[in-house]
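# Observations on chain architecture
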Amino acid sequence: MQSLNSNLLSGLRILVVEDDLLIAMDMEATLEDFGCHVVGPCERLDKAMAAADEEIDGAIVDMNLRGEYSFPLIEKLRGNGIPTVVCSGYVDLPDIKLRLKDVPMLPKPCATDKLLEIIQRTFVREQRRAQAAAN
């Protein structure tokens, strides 16, 4: 398994969508420690939908935001070509797994090293693909 390289994450603009304040603050601090710029955190679906229009390199999304599922946001992000990781207590539900089978998912609560590993794998790979396509 590839080790984490904070230089690969430095400068990435990551949208954080999480309605639990403590989890959002922890995620924000972790991402900033690795040089990421955090957009949000957004605790409501309407705020997250608006933030998804900003220039971002990736998104970490909770599935249930105060009773609203994040499917519309995830579809919008997909449509915009934004790599997305779902970090939620709902990832083991069969309907979620089926509907989001191509989206990397982490059960919540997740260990920091697992979160960083999956965002490095997901966001950096997509950023490299985009750069290669532009050249």
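Definitions and cut-offs
- Residues numbered from 1 in each chain as written.
- Predicted model: local features only at pLDDT ≥ 70, side-chain atom pairs only at ≥ 80, totals over all residues.
- Heavy atoms only, no water.
- Core = buried A, V, L, I, M, F, W, Y, C linked by side-chain atoms within 4.5 Å.
- Buried < 20%, exposed > 50% of the residue type's maximum accessible area, 1.4 Å probe, protein only.
- Helix = DSSP H or I, 4+ residues; strand = E, 2+ residues; numbered from the N terminus.
- Contact = heavy atoms within 4.5 Å.
- Salt bridge = Lys/Arg side-chain N within 4 Å of Asp/Glu carboxyl O.

### What to know about the nonpolar core
Core analysis: the biggest nonpolar cluster contains 23 residues, and L15, L73, L77 and L100 have the highest contact counts within it. Elements that contribute at least two residues to this core include exactly β1 (13–17), β2 (37–42), α3 (45–51), β3 (58–61) and α4 (71–79). Residue contributions to this core peak at 4 residues, all from α4. Excluding anything up to four places from it in sequence, L15 contacts V39, C42, A48, A51, A52, I56, G58, A59 and I60. Counting residues in hydrophobic clusters, the runner-up holds 18 residues, among them C36, I118, I119 and V124.

### As for the pattern of salt bridges
Under the defined criterion, the tally for this structure stands at 9 salt bridges. Between K47 and E43 there is a salt bridge, with its nearest N and O atoms 3.0 Å apart. For K47, a relative accessible area of 37% puts it in the partly exposed group. E43 sits in the buried class, given a relative accessible area of 19%. One salt-bridge network, held together by shared partners, links E18, D62 and K108.

### Digging into unusual backbone geometry
Of note, the amide linkage connecting G40 to P41 takes the cis form, showing an omega dihedral of 0 degrees. By the element assignment, P41 lies in strand β2. With a phi close to 55 degrees, R66 is a non-glycine residue in the positive phi region. With respect to the helices, strands and loops of the structure, R66 is situated in the loop between β4 (64–65) and β5 (68–69).

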